[in-house]
Amino acid sequence: MCGIVGYIGNQDVTPILIDGLKRLEYRGYDSSGIAVYDGTDIEVEKYKGRLSVLEDRIKERPIKGSIGIGHTRWATHGEPSDINSHPHSSQNGDIAVVHNGIIENFQLLKEWLMEQGYHFRSDTDTEVVAHLIDHFYQGDLVDALIKAMEKMEGSFALGIISSKEPDKLVAVRKDSPLIVGVGNGENFIASDIPAILNHTRAIYLLDDMEIAVLDRKEVKILDHNKNRIHKEIFRVDWDVASAEKGGYPHFMLKEIFEQPAAIRQTLKSRLMEKSEEIILDQIRITPEDLKNINKINIVACGTAYHAGVVGKYIIEELARIPVEADIASEFRYRDPILDQNSLVIVISQSGETADTLAALREAKKRGARVVAITNVVGSTVSREADDLFYTWAGPEIAVASTKAYTTQLIAMYLIGLKLARIKGEISGERYRQMKEAVGRLSDQVQQVLNNADVIEELALDNKNAEDVFFIGRSLDYAVAMEGSLKLKEISYIHSEAYAAGELKHGTIALIEEGTPVIALATQNRLYDKLLSNIKEVKARGAYVIALAKEGNREVEKTADRVIYIPDTMDEVTPVLSVIPLQLFAYHIAVARGCDVDKPRNLAKSVTVE
Ligand code: AGP
């Protein structure tokens, strides 16, 4: 997620901007920059890389001023580079803009502006905003911004300064957070509270389409008709550490609760509500290409691999193409049978995992076409694959992957539906049903999260468990793998996931009095089988927590406790059933005093073999 800071007051603005950007580093970024009005012009310094690069350049070339904007960029459109960094300026440099969000119709606007004679220097969507405001500027910056907003579609939090009106800092938000800090003779904007907490605790929390106009004396908040809005000041009582986590105690919990937004963002501009189309504009597999594809390998590590196992079931069922899900460190050494008729899908949140990268290169060497699903724009995996699907989950800071996993599942559904439709393997009715079910997931995940307290209580009952078993069939087995990994990696409790039908072939010998068994029973077509499996383990003394769809209450007669998820199609339940398992692992780990965000022995991205 990009970070925004802005200041207008009587202090030297540059150190305030740099310090504010440093306090936003935790959000993850690949470049940074500032724009300062120095009394004559707007000076811009912006560079790819860590903030220290920007700081060093500013030490060489100091910029003095008392109004400015700063930005840390998490690349979405245009890979990380100096020129793609923010702030972006109008043609003659008298307007500078920083932006967080995605201007979805930027390509159309860019073409229109070029017809008006504008020249673009970057590949970003944000540069369009600077030229649009310039185009509409006729003496009033707020009027020009309002006219520009009428043209823009998508999400934007904007900070704007102009040398034509140097005593004004203008900001606006739409579907991307932005706050205003109120000081004494000085005022601030920021994308998040930590950036300005050491200057003020008096905050305006902007709502969508509200425009803030800051000068050294006051803050005016306007609606898009320039009517003044009265807002209450919000007084922040967090310390800086908890402010970075948005008030959550850990990044992992924050990211678990960010999943509805992450899923919505990943679906946006891909799952069209008003049309049958699923738009995957960075996957250019044509019907001709698809005719020749006779095998798909999904290759990844850890949680990403578990998303791939769900993908195997989904893509095989929808597109009727044989699919194998492979652990990357195995795939790369097993002399895989691949050729130009093979499609390999690699999944990697970081886009830098060594084993997954090696598997990608092995696949390409053998002639396969490679699609990469990744959360990091410009990552190595994204640059070496033939086709791309970016999950728009935003930076995932906690080592334990949560929102990346659920948005990877979204990628699996969209790719599966797209392939099925191109191949003509799916009826119109079933396609529409699946598409609608995927479109409801963001709200349904929120419904599960609203029930988080029940799961916390269940978790605390099991915090001293020594061996926990996760069982399920088909897609439930795939999710059981992920639930088991979550528990192991953050609570250090031994756990295993088993195909429920496999228990009687040996592992049921491990079940003793009180052994906790998490039984996933969300697949309607296999519900009765799971009920039998639950009876099997209960008969040996297990303590069973079942997951089932609302309405399937038979399981209450057998299981000790039941967690219900909203009713939906079997195929899309993994996105819902994983949420209680994430929370279960999280609360047990916290109760056991574990370092939830940075578990022992683990790294966020395993860039070595
Ligand atoms: C997930 O909770 C783990 N931290 C780990 O298994 C992770 O999923 C794996 O290392 C793959 O990382 P990647 O998605 O960045 O490639």
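The coordinates are above.
Just so it is clear, the model here is predicted, and its values are computed rather than measured.

1. A short note on the overall build of the protein
Next, step 1: Counting its secondary structure elements, the protein contains 20 helices and 24 strands.
Next, step 2: Taking 2.2 N^0.38 as the reference for a compact globule, 609 residues should give roughly 25 Å; the C-alpha atoms of the protein span a radius of gyration of 26 Å, in line with that estimate.
Next, step 3: Across its three principal directions, the C-alpha atoms of the protein cover 80 × 55 × 45 Å.
Next, step 4: Evaluated residue by residue, the protein yields a buried proportion of 61% over its 609 residues.
Next, step 5: Here the contacts in the protein between residues at least 6 apart in sequence split such that 71% fall between residues at least 24 apart.
Next, step 6: When the accessible surface of the protein is totalled, it reaches about 23,300 Å², and 47% of it is carbon and sulfur.
Next, step 7: Measuring between centres, the 72 positive side-chain charges of the protein sit 1 Å from its 91 negative side-chain charges.

2. Quick look at the sheet that holds strand β21 (residues 494-499)
Next, step 1: Taken together, five strands build an open sheet; the order of strands is β21-β20-β22-β23-β24 and the sheet is parallel. The sheet is open, and its two edges are formed by β21 and β24 (561-565), each paired on a single side. Along the sheet, successive strands turn relative to each other by an average axial angle of 20°, direction set aside.
Next, step 2: The pairing of strand β20 (residues 467-472) with strand β22 (residues 516-521) spans three bridges and is classified as parallel. Considered in β22, the bridge of Phe470 is made with Ile518.

3. A closer look at the sheet that holds strand β3 (residues 42-48)
Pairing between the strands of a sheet is mediated by backbone hydrogen bonds and can be parallel or antiparallel.
Next, step 1: Taken in spatial order, the eight strands make up an open sheet running β3-β2-β4-β1-β10-β9-β11-β14, and their pairing is antiparallel. Two strands close off the open sheet at either side, each with one partner strand: β3 and β14 (234-235).
Next, step 2: In this structure, strand β11 (residues 202-205) lies alongside β14, joined through two bridges in antiparallel fashion. The partner of Ala202 across the bridge, within β14, is Arg235.
Next, step 3: Packed on one face of the sheet, helix α1 (residues 13-22) meets β1 (3-8), β2 (31-37), β4 (67-73) and β10 (187-190) and runs near 155° to β2.
Next, step 4: Across the sheet, helix α2 (residues 51-60) touches β2 and β3, and the angle it forms with β3 is around 140°.

4. Section: the site of the ligand
Next, step 1: Looking at the ligand, there are 14 residues lining it, with Ser348, Gln349, Ser350, Thr353 and Glu489 nearest.
Next, step 2: Ser401 places a polar main-chain atom, nitrogen or oxygen, 2.8 Å from an oxygen atom of the ligand.
Next, step 3: For the ligand, the accessible surface in isolation is 410 Å², of which the surrounding protein chains cover 91%.
Next, step 4: Sorting the residues of the shell around the ligand by element identifies α10 (302-319) and α18 (475-491) as the ones contributing at least two each.
Next, step 5: Among the residues making up the shell around the ligand, the classes are represented as five nonpolar, seven polar and two charged.

5. Re the packing of α10 against α18
Next, step 1: At a minimum axis separation of 9 Å, α10 and α18 run at an interaxial angle of 175°. Here α10 lies roughly antiparallel to α18, going by the angle between them. In this structure, α10 contributes Gly302, Thr303, His306, Val309, Val310, Tyr313 and Ile314 to the contact, and α18 contributes Leu475, Tyr477, Ala478, Met481, Glu482, Leu485, Lys486 and Glu489.
Next, step 2: Broken down by class, the residue content of the contact of α10 with α18 amounts to nine nonpolar, three polar and three charged.

6. What about the pairing of strand β12 (residues 210-214)?
Next, step 1: Burial of β12 is extensive: five of the five residues sit out of reach of the surface.
Next, step 2: Burial of the side chains of β12 extends over both faces: Glu210, Ala212 and Leu214 are buried on one face and Ile211 and Val213 on the other.
Next, step 3: Both strand β8 (residues 169-174) and β12 contribute to a ladder of five bridges, which runs antiparallel. Its bridge partner being in β12, Val170 is matched across the sheet by Val213.
Next, step 4: As paired strands, β12 and strand β13 (residues 219-222) are joined by four bridges and run antiparallel to one another. Counted as the bridge partner of Val213 is Lys220 from β13.
Next, step 5: Hairpin connection of β12 to β13: four residues between the antiparallel strands.

7. Let's talk about the nonpolar core
Next, step 1: Membership of the largest hydrophobic core comes to 119 residues, with the highest contact counts inside it found for Ile296, Ile315 and Ile345.
Next, step 2: For Ile345, the residues in contact, after removing those within four places along its chain, are Ile296, Asn297, Ile298, Val299, Ile315, Val371, Ile373, Met412 and Ile415.
Next, step 3: Membership of the second largest hydrophobic core comes to 31 residues, among which are Val97, Leu113, Ala148 and Val172.

8. Let's talk about helix α8 (residues 259-267)
Next, step 1: Of all nine residues in α8, seven are buried, a share of seventy percent or more.
Next, step 2: Every buried residue belonging to α8 is among Gln259, Pro260, Ala262, Ile263, Gln265, Thr266 and Leu267, and all of these are buried.
Next, step 3: Count one or two residues on from α8 and you reach Ser269, which has phi positive near 60°.

9. A word on the packing of helix α4 (residues 126-136) against helix α5 (residues 141-151)
Next, step 1: Viewed as axis vectors pointing N to C, α4 and α5 meet at an angle of 125°, and their least axial separation amounts to 8 Å. One element, α4, and the other, α5, form an angle in the oblique class. The two elements α4 and α5 cross, and the hand of that crossing is right-handed. Residues Leu132, Ile133 and Phe136 of α4 form the contact with α5, whose participating residues are Leu141, Ala144, Leu145, Lys147, Ala148 and Lys151.
Next, step 2: A per-class count over the contact of α4 with α5 returns seven nonpolar, no polar and two charged.

10. Some points on the environment of Asn105
Next, step 1: Assignment of secondary structure puts Asn105 in the loop between β6 (95-103) and α3 (106-115).
Next, step 2: Relative accessible area serves as the criterion here: at 10%, Asn105 is assigned to the buried category.
Next, step 3: Remark: the alpha-carbon pair of Asn105 and Gly154, spanning 49 residues in sequence, is separated by 7.3 Å.
Next, step 4: Apart from residues no more than four positions distant in its own chain, Asn105 is found in contact with Lys151, Met152 and Glu153.
Next, step 5: Of note is the side chain of Asn105, whose polar atom sits 2.9 Å from the backbone oxygen of Lys151.

Parameters at a glance
Residues numbered from 1 in each chain as written. Predicted model: local features only at pLDDT ≥ 70, side-chain atom pairs only at ≥ 80, totals over all residues. Heavy atoms only, no water. Helix = DSSP H or I, 4+ residues; strand = E, 2+ residues; numbered from the N terminus. Rg over C-alpha atoms; globule rule 2.2 N^0.38 Å. Buried < 20%, exposed > 50% of the residue type's maximum accessible area, 1.4 Å probe, protein only. Contact = heavy atoms within 4.5 Å. Areas by Shrake-Rupley, 256 points an atom, 1.4 Å probe, with all protein chains shown as cover. Lys, Arg positive; Asp, Glu negative; His and termini not counted. Charge placed at Lys NZ, Arg CZ, Asp CG, Glu CD. Pairing = 2+ DSSP bridges. Axes fitted to C-alpha atoms, helices over the stretch in contact; angles between N-to-C directions. Near = heavy atom within 4 Å. Polar contact = N/O pair within 3.5 Å; in protein donor to acceptor, adjacent residues only side chain to side chain. Nonpolar A, V, L, I, M, F, W, Y, C, P; charged D, E, K, R; others polar. Parallel < 35°, antiparallel > 145°, perpendicular 65-115°, else oblique. Core = buried A, V, L, I, M, F, W, Y, C linked by side-chain atoms within 4.5 Å. Left-handed = near helix turned anticlockwise from the far one by under 90°.

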